[in-house]
Amino acid sequence: METKQVLKSVLEEYQRITGLRSYIIYNEEDYKSASEKNYFCKCLKLSSKALKKCERCTLDVFAEADDENKVRIYSCHAGLIKWAVPVNYNDLHCVIVSEGIIAQKQMEEADQWAQYLAKEYGLNEEMLSHNFKIIHTMNERQMQASIGLLKDLIAYHFAMIK
């Protein structure tokens, strides 16, 4: 099985188990902001100003994860907590980026956050609020377990193709 197909299988299993979608960035030129699967992010990216910030944030984290070859956990400019997991297998080098989660405290402040983002980027507040409220919430332990699961799925699948 081709390594890119293996990663596709990993992401499908990861989504089935956790409910989180992810996408793969192979290099800076390959990055396409539309790859983002999160509906909140898709709504936010209707603003060209927000889109530029999203792309800069993701590309910076991609470069850090790729260069340092370690997981990077970060909060994007819109408040989502994401992680970037580097993948190195033979000649395949890429980074898997999570769809993003929020903490329970962020959920409690969802309306204020949506109001701020709507004003900042000239977007519909109701649309942002609705989509912010359906983002997965996790605590620190759950987030770390999710990252561990993704890394284990990658290792398992690559071990099976040797």
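Residues numbered from 1 in each chain as written. Predicted model: local features only at pLDDT ≥ 70, side-chain atom pairs only at ≥ 80, totals over all residues. Heavy atoms only, no water.

- Taking an unreviewed UniProt entry as the reference, the protein is identified by name as PocR domain-containing protein belonging to Amedibacillus dolichus CAG:375.

### Topic: the pattern of salt bridges
1) Next: Counted under the stated rule, the structure contains eight salt bridges.
2) Next: Glu99 serves as the salt-bridge partner of Arg21, at 3.0 Å between the closest nitrogen and oxygen. With Arg21 in the loop between helix H1 (3-18) and strand S1 (22-25) and Glu99 in the loop between strand S4 (92-98) and helix H4 (104-108), this pair connects stretches of sequence that are 78 residues apart.
3) Next: The exposure class assigned to Glu99 is buried, which follows from its relative accessible area of 5%.
4) Next: Of the charged contacts, one joins Asp111 and Lys133 as a salt bridge, the two residues approaching to 2.9 Å between their closest N and O atoms. Of this pair, Asp111 sits in helix H5 (residues 110-121) while Lys133 sits in the loop between helix H6 (125-132) and helix H7 (140-160), and the two are 22 residues apart along the sequence.
5) Next: Taken together, the shared-partner salt bridges connect Lys49, Lys53 and Glu120 into one network. (Salt bridge = Lys/Arg side-chain N within 4 Å of Asp/Glu carboxyl O. Helix = DSSP H or I, 4+ residues; strand = E, 2+ residues; numbered from the N terminus. Buried < 20%, exposed > 50% of the residue type's maximum accessible area, 1.4 Å probe, protein only.)

### Let's talk about the sheet that holds strand S3 (residues 81-89)
1) Next: Spatially, four strands are ordered S1-S4-S3-S2 in an open sheet, and the strand pairing comes out antiparallel. Looking at which strands have only one partner, the edges of the open sheet turn out to be S1 and strand S2 (72-75). Across the sheet, the axes of successive neighbouring strands diverge by a mean angle of 25 degrees, strand direction being ignored. (Pairing = 2+ DSSP bridges. Axes fitted to C-alpha atoms, helices over the stretch in contact; angles between N-to-C directions.)

### A closer look at H1
1) Next: Over its 16 residues, H1 runs 22 Å from end to end, which matches the ideal 22 Å to within 8%, given 1.5 Å per residue.
2) Next: Those residues of H1 lying buried are Thr3, Val6, Leu7, Ser9, Val10, Leu11, Tyr14 and Thr18.
3) Next: Buried residues in H1 make contact with S1, S3, S4 and H7.
4) Next: Phi turns positive, to about 85 degrees, at Gly19, one or two residues after H1. (Expected span 1.5 Å × (residues − 1). Contact = heavy atoms within 4.5 Å.)

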